[in-house]
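Notes for the structure review
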Amino acid sequence: TTWDGSNISSGNGAKFVNDATGIFNAGDGGISHSGGSRATFTNSGRFNKNSGSGSNVIDTVFENSGTVSVTSGKLKLAQGATNADNSKLEVGAGAELELNGDVSLTAKTELKGGGKARFLGLTLLANALIDIANFDFDGGTLNGSNGFSGLVNWNDGNWNSAGHTTIAHGGV
């Protein structure tokens, strides 16, 4: 499916589903909340933000058990994201993934690439290696046992981990 980048209004518990064999190509634009209970976007296949130099804002609950790939512009998951085991978040050089709200990364979730990931939310439960060139932590709370292999810019927020956090040499 190719989404041309126009805006979509959602609400009242609507569900968008990209199944395990699906490929969803997105440009700029977004899914906005128009009332009622929040919509849910479930990605079991491949979600690509691969065109447009601007932002695509997904203002729904985002459930990922597949692959999210950002190779152009910025993808903002505005209402958090739940990532299942073996899911992938890939951010190419020059691209950005912004995570807001409550976000979970399991031990087998991959967040990787030569681009930038930015967390500005409530709680980031990260039990994973975050193998991304640049990671900006701009507010909220970091929980879990995790590691960062690239540069970490800690701008605001709380470090509240019962586990341990490892940051590569020269990474802060």
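Report on the accompanying structure. As the structure is a prediction and not an experimental result, all values here were calculated from the model.

The final tally for this structure, using the stated rule, is 9 salt bridges. In the salt-bridge network here, residues are joined through shared partners; they are Lys-74, Lys-76, Glu-98, Arg-118 and Asp-138.

Applying the stated criterion across every chain, the model contains 10 aromatic pairs. Plain terms: the ring middles of Phe-47 and Phe-62 are 5.9 Å apart, the flat faces sit at 90° to each other, and that makes the pair edge-to-face. In this pair, Phe-47 is assigned in strand 7 (residues 46-49) and Phe-62 in strand 9 (residues 61-64), connecting sequence segments 15 residues apart. Using a relative accessible area of 1% as the deciding quantity, one classes Phe-62 as buried.

Tracing the sequence through the fold places Thr-141 in strand 18 (residues 129-143). Using a relative accessible area of 15% as the deciding quantity, one classes Thr-141 as buried. The residues touching Thr-141, leaving out its near neighbours within four places in the chain, are Phe-119, Leu-122, Thr-123, Leu-124, Asn-158 and Asn-160.

Along the polypeptide, Asn-100 turns up in the loop between strand 14 (96-99) and strand 15 (103-105). A relative accessible area of 8% places Asn-100 in the buried class. One polar contact links Asn-100 to Glu-98, side chain to side chain, over a distance of 3.3 Å. A polar contact of 2.6 Å, which involves the side chain of Asn-100, links it to the backbone oxygen of Leu-120.

With 33 residues, the main nonpolar core has Leu-97, Leu-105, Leu-111, Leu-124 and Phe-135 as its most contacted residues. By residue number, the principal contributor to this core is strand 18, which donates 5 residues. In this structure Leu-97 touches Val-70, Leu-75, Leu-77, Leu-89, Val-91, Leu-111, Lys-116, Ala-117 and Arg-118, once residues within four positions along its chain are discounted.

This brings us to the pairing of strand 5 (residues 29-33). Two elements, strand 2 (residues 7-10) and strand 5, share 4 bridges in a ladder whose sense is parallel. Pairing of Ser-9 across the sheet is with Ser-32, part of strand 5. The pairing of strand 5 with strand 8 (residues 55-58) spans 3 bridges and is classified as parallel. Looking at the pairing, Ile-31 lines up with Ile-58 of strand 8.

For the rest of this paragraph, the subject is unusual backbone geometry. Phi at Asn-12 takes a positive value of approximately 55°, unusual for a residue other than glycine. Its place among the elements puts Asn-12 in the loop between strand 2 and strand 3 (15-18). In this structure, Asn-86 is a non-glycine residue whose phi angle is positive, near 70°. Among the secondary structure elements, Asn-86 is positioned in the loop between strand 12 (81-83) and strand 13 (88-91).

Rules used throughout
Residues numbered from 1 in each chain as written. Predicted model: local features only at pLDDT ≥ 70, side-chain atom pairs only at ≥ 80, totals over all residues. Heavy atoms only, no water. Salt bridge = Lys/Arg side-chain N within 4 Å of Asp/Glu carboxyl O. Phe/Tyr/Trp six-rings, centres within 6.5 Å; stacked < 30°, edge-to-face > 60°. Helix = DSSP H or I, 4+ residues; strand = E, 2+ residues; numbered from the N terminus. Buried < 20%, exposed > 50% of the residue type's maximum accessible area, 1.4 Å probe, protein only. Contact = heavy atoms within 4.5 Å. Polar contact = N/O pair within 3.5 Å; in protein donor to acceptor, adjacent residues only side chain to side chain. Core = buried A, V, L, I, M, F, W, Y, C linked by side-chain atoms within 4.5 Å. Pairing = 2+ DSSP bridges.

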